[in-house]
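Architecture at a glance
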Amino acid sequence: MGPSTPETPEQRNLFASTVHGLEHITAAELTELGCRVVSVQKRQVLLTAPELCSADRPRTVDDLLIQIAQTVDPGPTKADLQRLRPLLDAADLKPAKSDFERGDPVLTVSASMIGRRTYNRHDLEDVIGSFLSERLGARFASRSGGNRPPVGAAEWRAVLSPEGLLLGYRGRRPPLHRRAWKTASIPGTLHPPVAAATARLAGIETGMTVLDPCCGAGTILVEARGLAPSSDFIGSDLNAEALAAAARNAQHLTGIAFTKSNAARLPMPTGSIDRIVTNPAWGRQVATVQRFPALLAAWRRVIAADGRLVCLVPPELLRDFETERSAWNLVERHQLSLSGQHPVIALAEPKRR
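Residues numbered from 1 in each chain as written. Predicted model: local features only at pLDDT ≥ 70, side-chain atom pairs only at ≥ 80, totals over all residues. Heavy atoms only, no water.

Scanning the protein for helices and strands turns up nine helices and 15 strands. A globule of 353 residues ought to have a C-alpha radius of gyration of about 20 Å, and the protein, at 23 Å, matches this closely. For the protein, the spread of C-alpha atoms along the principal axes amounts to about 65 × 50 × 35 Å. Within the span of the protein, comprising 353 residues, buried residues form 51% of the whole. In the protein, the proportion of contacts linking residues at least 24 apart, taken out of those at least 6 apart, comes to 70%. For the protein, the distance from the average site of its 43 positive side-chain charges to the average site of its 36 negative ones is 4 Å. (Helix = DSSP H or I, 4+ residues; strand = E, 2+ residues; numbered from the N terminus. Rg over C-alpha atoms; globule rule 2.2 N^0.38 Å. Buried < 20%, exposed > 50% of the residue type's maximum accessible area, 1.4 Å probe, protein only. Contact = heavy atoms within 4.5 Å. Lys, Arg positive; Asp, Glu negative; His and termini not counted. Charge placed at Lys NZ, Arg CZ, Asp CG, Glu CD.)

What follows is the structure, given as structure tokens:
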């Protein structure tokens with residue numbers, strides 16, 4: 001490539017971390033933003049792109065980092081970790097160097113691992129941290145022993161799997177899954193990138209009316225409005241605390257209304273809702289009030305003939321879409337790995353009466 005200009009911005013190797021099960025949804029979003037997807041791995045999407053501006057930050061990722069190094073897997077034993085140092089010697093640290101040329105620079109490393117090994121993530125973090133400390137002339141703040149990194153430390157991210165080691169640099173900004181607007185939370189609140197993925201799957205178009213009948217803290221509705229700001233959004237819940245949290249999180253937005261109502265006895269007119277996007281209570285962090293078949297029946301009444309339902313449910317509830325009495329056609333499913341659970345994003349359309 002020639003010299004970087006506004007018309008031909010410099011391309012960087014990046015990698016996006018995401019929830020397992022969202023990888024291909026994330027890859028599609030990154031492609032829409034003008035990135036070139038290089039490969040899709042478990043929980044990671046590798047890509048090349050100019051540095052994305054804040055307005056173009058992908059919503060379905062946990063984080064987006066500058067890829068500094070990609071090496072082979074050093075091995076499963078603790079002694080194998082020392083092989084990482086020569087493997088990392090060729091790493092180009094220029095994208096991060098300017099952050100360590102003044103003041104008292106401090107760095108920290110956060111690691112995750114896939115596969116059985118005789119060392120833990122803190123062992124991996126310490127080897128990489130000491131290497132970076134020497135190369136950058138910076139102080140390494142280890143997380144081992146439960147230590148919290150100091151405020152302002154530059155963040156590095158390491159992901160080790162049988163496919164190899166990915167080393168990325170975030171810098172001093174927070175990870176992308178931390179939304180500035182989410183100042184209120186309740187038990188069972190949805191991870192924002194997952195909420196964004198459910199909203200994308202709903203295919204919301206301008207002018208539609210979108211309902212979340214179990215809106216909780218409003219996460220799905222706020223993420224959905226970012227996709228279609230000219231649509232109308234309704235959030236309902238029986239829990240007054242949840243509705244207060246939702247109103248607080250959406251206070252900077254127009255076009256979202258909240259109401260207290262039972263998800264199985266909705267006050268909306270028949271056929272008035274174009275899209276239902278929701279995360280009903282699973283009976284784990286939040287107690288179930290109504291059985292799932294009762295919810296599906298109520299949602300079928302208010303959905304338009306060409307409407308669509310997207311909901312996050314435990315796998316065992318998928319059977320309620322597939323019974324002879326079901327008023328829904330289950331057309332798509334995406335199983336996730338989320339907080340030790342394996343829920344499914346189910347996409348369904350109403351059967352014609």
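There's plenty left to go through after this.
It is worth spelling out helix α6 (residues 219–227) at this point. Counting buried positions over the nine residues of α6 gives seven, a clear majority of the element. When α6 is considered as a whole, its buried residues turn out to be Thr-219, Ile-220, Leu-221, Val-222, Glu-223, Ala-224 and Arg-225. Tucked into the core, α6 has its buried residues touching α5 (192–202), β9 (209–212), β10 (232–237), α7 (240–249), β11 (256–260) and β12 (273–278).

Burial analysis of α5 places ten of its eleven residues in the buried class, which makes it a mostly covered element. Turning to α5, its buried residues are Pro-192, Pro-193, Val-194, Ala-195, Ala-196, Ala-197, Thr-198, Ala-199, Leu-201 and Ala-202. For α5, the elements touching its buried residues are α1 (23–32), α6, β12, β13 (303–313), β14 (328–335) and β15 (344–350). Within two residues after α5, Gly-203 carries a phi angle of roughly 65 degrees, on the positive side.

Next up on the list: the sheet that holds β14. Sheet strands associate in pairs through backbone hydrogen bonding, adopting either a parallel or an antiparallel arrangement. Spatially, β11-β10-β9-β12-β13-β15-β14 is the arrangement adopted by the seven strands of the open sheet, whose pairing is mixed. Single-partner strands in this sheet number two, and they are β11 and β14. Each strand of the sheet is rotated relative to its neighbour by a mean of 20 degrees, with strand direction disregarded. Sheet strands touched by α6: β9, β10, β11 and β12. Its angle to β10, the strand with the most contacts, is close to 175 degrees. Across the sheet, helix α8 (residues 292–302) lies against β9, β12, β13, β14 and β15, angled at about 150 degrees from β13, the strand it touches most. (Pairing = 2+ DSSP bridges. Axes fitted to C-alpha atoms, helices over the stretch in contact; angles between N-to-C directions.)

Glancing now at the pattern of salt bridges. Per the stated rule, a full pass over the model turns up 13 salt bridges. The partner of Arg-170 in a salt bridge is Asp-63, with the nearest N and O atoms 2.4 Å apart. One end of the pair, Arg-170, is in strand β8 (residues 164–171); the other, Asp-63, is in strand β4 (residues 63–71), and 107 residues separate them in sequence. In this structure, Arg-170 and Asp-63 share a single accessibility class: buried. The partner of Asp-104 in a salt bridge is Arg-139, with the nearest N and O atoms 3.2 Å apart. Of the two residues, Asp-104 sits in the loop between α3 (94–97) and β5 (106–113) while Arg-139 sits in strand β6 (residues 139–140), which places them 35 residues apart along the sequence. (Salt bridge = Lys/Arg side-chain N within 4 Å of Asp/Glu carboxyl O.)

Packing of α5 against α6 brings their axes to within 8 Å, and their N-to-C directions diverge by 55 degrees. With respect to their mutual orientation, α5 and α6 come out oblique. Of the two elements, α5 crosses α6, and the hand of that crossing is right-handed. Of the residues in α6, those touching α5 at Pro-192, Ala-195, Ala-196, Thr-198, Ala-199 and Arg-200 are Thr-219, Ile-220, Glu-223, Ala-224 and Leu-227. (Parallel < 35°, antiparallel > 145°, perpendicular 65-115°, else oblique. Left-handed = near helix turned anticlockwise from the far one by under 90°.)

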